[in-house]
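One-letter residues, chain by chain:
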Amino acid sequence: MYSKRQQERLTVICLVHSALVLGLLQSGAVGARRLRGGRSERRASLLPSAPHRQRGDTTTTESFALDFTAVEDNMDSFMTQVKNLAQSLYPCSAQKLDNDMKLHFLENMSVTCNDGTPAGYYLKESRGSRRWLIFLEGGWYCFNKENCDSRYETMRRLMSSSKWPQTKTGTGILSPLPEDNPHWWNANMVFIPYCSSDVWSGATPKTDQTDDYAFMGSLIIKEVVKNLLSKGLDNGKILLLAGSSAGGTGVLLNVDAVSELLEELGHPNIQVRGLSDSGWFLDNKQYLCTDCVDTISCAPTEAIKRGIKYWGGVVPERCRLAHEGSEWNCFFGYRVYPTIRRPVFVVQWLFDEAQLTVDNIHLMGQPVQEGQWRYIQNLGIELRNTLKDVPAMFAPACLSHEVITRNYWIDIQVKGTSLPRALHCWERSLHDNSKNSKAPPKGCPMHLIDNCPWPHCNPTCPTIRDQVTGQEMNVIQFLMHMGFDVQKMAQQQGMDPSKLLGMLSSGS
């Protein structure tokens, strides 16, 4: 432990460190703008000047995200300088800056996890920022007493808060480090653990029976938002409701409801937006039809049909009216999306592992058969077709599941644009639209989808490892492992096999 005097010294050093980092960021941006030829157009400065205050005005000034647009051509070198500077000032890290999110239980104790333990959330406040990011965790679901009992025995963390840790470290878009999270690092970060097993849709409390379960996912989100109002959200400007997997579907189901709740509570000026990661599932036909015994073997449509009844699931009103009597449709992205009023950015792997799992395609076992291979390719085509009218989306041709909280989320690219960059372009477009400018930002793409037809044909896809040896596999090794026939595929494409191999190696 440090003495009070040592703490004061370290605090001063850390303040100097922050000033140096911001100075480097600003000088880097200015230098990059000069190198770009001194264009006459006026660009926003890296950090805005503080607005003029009247005497006695105690309003907190907003802390904006850093705009790295000017240095994006040399981002790797620039971020290396930032990291080296941060590491060189070791006393700040020795003081252990308080970057973790802290656990808070809901004030309304009647809104609970499956087993009746209190629901809650993790929060890291960012003083001065008016941007809020609320993340919904994923983790499949259960849809009857039997598989919920099994889930409780094997995955209790997803049904109970009894062993939740007191703190949680944010990664990916929840990271407080600008080199890992260039545009949202200084937002107020909120992580809501998934403990309702209902794709964030339920509104059913636990009964008096000891072996009964509560399903209150939609109510947990609303209670968290209410609790956050007293912690600074009441002065918020932007709220990004994000989530992965079941949490990504939860975003689609709840983004309008969150906005409507804030309006009802007297906060209509908070702009609510959605970011759905790996939650855009298809209600397609399985490769092999199996009995609906558990979450993995059950066809997606059948599992949701059973689940929505068991959970007392709630779907958005506009979608409910569009699919009255068959509300289960609202759990599938391409069906619910047209009914959503708030802006939503969709992130979806074209060959999503969870989708393939429920479709009874298992890629990392024995080499796949020709029929399976055709099914996999058709899945990519189907997903592309459902996403073509989504204006803001990022869809790499990779075999994976979830991305926005992964450490490698800044490395994935589609057509030369990274995911953080695409999200930044989307935010810019929303800002411009609020000023009645309908034209998208120039050179700032936000509708990005791979055209190549095979899993992992994008060279920036996450690494795949052989499940037996643990060694990394390149694209060709992976496709061969799956039973990919280069000669036959080249013949079908009307090209030389060596040319096809070259294209696969380069990710063309």
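Higher on the page you've got the structure.
In this report, we go over the structure that sits alongside the text. (Residues numbered from 1 in each chain as written. Predicted model: local features only at pLDDT ≥ 70, side-chain atom pairs only at ≥ 80, totals over all residues. Heavy atoms only, no water.)

1. A short note on the sheet that holds strand S7 (residues 271–277)
- In spatial order, the strands read S4-S1-S2-S5-S3-S6-S7-S8-S10-S14; together these 10 strands make up an open sheet with mixed pairing. With one partner strand each, in any of the chains shown, strand S4 (167–168) and strand S14 (447–449) form the two edges of the open sheet.
- Where strand S1 (residues 101–105) lies against S4, 2 bridges are found, and the strand directions are antiparallel. Across the sheet, Met101 pairs through a bridge with Lys168, a residue of S4. (Pairing = 2+ DSSP bridges. Helix = DSSP H or I, 4+ residues; strand = E, 2+ residues; numbered from the N terminus.)

2. Description of helix H6 (residues 246–264)
- Taking 1.5 Å as the rise per residue, H6 with 19 residues should run 27 Å; its terminal C-alpha atoms sit 27 Å apart, in good agreement.
- At Asn254, H6 shows its largest kink, close to 50°.
- With 15 of its 19 residues buried, H6 lies for the most part within the structure.
- Two residues or fewer past H6, Gly266 is found with a positive phi of approximately 90°. (Expected span 1.5 Å × (residues − 1). Bend = angle between axes of the 7 residues up to and from the residue. Buried < 20%, exposed > 50% of the residue type's maximum accessible area, 1.4 Å probe, protein only.)

3. Quick look at the side chain of Thr417
- Relative to the helices and strands, Thr417 is located in strand S13 (residues 417–418).
- Accessibility expressed as a relative area gives 9% for Thr417, which makes it buried.
- The contact partners of Thr417, leaving out residues within four places of it in the chain, are Phe394, Ile412, Ala422, Pro445 and Leu448. (Contact = heavy atoms within 4.5 Å.)

4. What about the packing of aromatic side chains?
- Following the criterion strictly, the structure yields 12 aromatic pairs and no others.
- Ring plane angle 10° and centroid distance 6.4 Å describe the contact between Phe105 and Trp164, whose orientation is recorded as stacked. Residue Phe105 is found in strand S1, and its partner Trp164 is found in the loop between helix H4 (145–154) and S4; the two are separated by 59 residues along the sequence.
- On the basis of an interplanar angle of 70° and a centroid distance of 6.3 Å, the ring pair of Tyr122 and Phe191 is categorised as edge-to-face. (Phe/Tyr/Trp six-rings, centres within 6.5 Å; stacked < 30°, edge-to-face > 60°.)

5. A look at helix H11 (residues 370–387)
- An ideal rise of 1.5 Å per residue puts 26 Å on 18 residues; H11 measures up with 26 Å between its terminal C-alpha atoms.
- Those residues of H11 that fall on the buried side of the exposure criterion are Gln372, Trp373, Tyr375, Ile376, Gln377, Leu379, Gly380, Leu383, Arg384, Thr386 and Leu387.

6. Description of the nonpolar core
- Of all hydrophobic cores here, the largest spans 123 residues; its most connected members are Leu239 and Phe345.
- It is H6 that contributes the most residues to this core, 8 residues altogether.
- In contact with Leu239, other than residues within four places in its own chain, are Trp132, Ile134, Leu233, Val258, Leu262, Ile270, Gln271, Val272 and Arg273. (Core = buried A, V, L, I, M, F, W, Y, C linked by side-chain atoms within 4.5 Å.)

7. With respect to the packing of helix H5 (residues 217–229) against H6
- Viewed as axis vectors pointing N to C, H5 and H6 meet at an angle of 40°, and their least axial separation amounts to 11 Å. Crossing of H5 against H6: the hand is right-handed. Between H5 and H6, the contacting residues are Ser218, Ile221, Lys222, Val225, Lys226 and Leu229 on the first element and Asn254, Ala257, Val258, Leu261 and Leu262 on the second.
- Taken together, the residues of the contact of H5 with H6 break down into 7 nonpolar, 2 polar and 2 charged. (Axes fitted to C-alpha atoms, helices over the stretch in contact; angles between N-to-C directions. Left-handed = near helix turned anticlockwise from the far one by under 90°. Nonpolar A, V, L, I, M, F, W, Y, C, P; charged D, E, K, R; others polar.)

8. Things to note about the pattern of salt bridges
- All told, the structure shown has 15 salt bridges when counted by the stated rule.
- Residue Arg157 pairs with Glu137 through a salt bridge whose shortest N-O separation is 2.9 Å. Of this pair, Arg157 sits in the loop between H4 and S4 while Glu137 sits in the loop between strand S3 (131–136) and H4, and the two are 20 residues apart along the sequence.
- By relative accessible area, which is 47% here, Arg157 ends up partly exposed.
- Residues Glu324 and Arg320 are paired through a salt bridge, measuring 3.7 Å at the closest nitrogen-oxygen approach.
- Among the residues examined, Glu324 registers a relative accessible area of 56% and is labelled exposed. (Salt bridge = Lys/Arg side-chain N within 4 Å of Asp/Glu carboxyl O.)

9. Things to note about unusual backbone geometry
- A positive phi angle, close to 60°, is found at Trp200, a residue other than glycine.
- Take Trp200: it is sitting in the loop between strand S5 (188–192) and H5.
- Judged by relative accessible area, Trp200 falls into the buried class, the value being 0%.
- Notably, Glu402 is not glycine yet its phi reads approximately 70°, a positive angle.
- If you trace the backbone, Glu402 turns up in the loop between strand S11 (399–400) and strand S12 (413–414).
- Relative accessible area serves as the criterion here: at 16%, Glu402 is assigned to the buried category.

10. What to know about the state of the cysteines
- Within this structure, the stated rule accounts for 6 disulfides.
- Between the sulfur of Cys398 and that of Cys461 lies a disulfide, 2.0 Å long from S to S. Disulfide Cys398 to Cys461: torsion about the S-S bond roughly -85°, handedness left-handed. You can see Cys398 sitting in the loop between strand S10 (393–395) and S11 and its partner Cys461 sitting in the loop between S14 and strand S15 (464–465), a full 63 residues away along the chain.
- What pairs with Cys425 in a disulfide is Cys444, and their sulfur atoms sit 1.9 Å apart. Residues Cys425 and Cys444 are joined through a disulfide that is left-handed, its torsion about the S-S bond being -90°. Here Cys425, found in helix H12 (residues 419–433), pairs with Cys444, found in the loop between H12 and S14; they are 19 residues apart in sequence, far enough to count as distant. By the burial criterion, Cys425 is buried, and Cys444 matches it. (Disulfide = S-S within 2.5 Å.)

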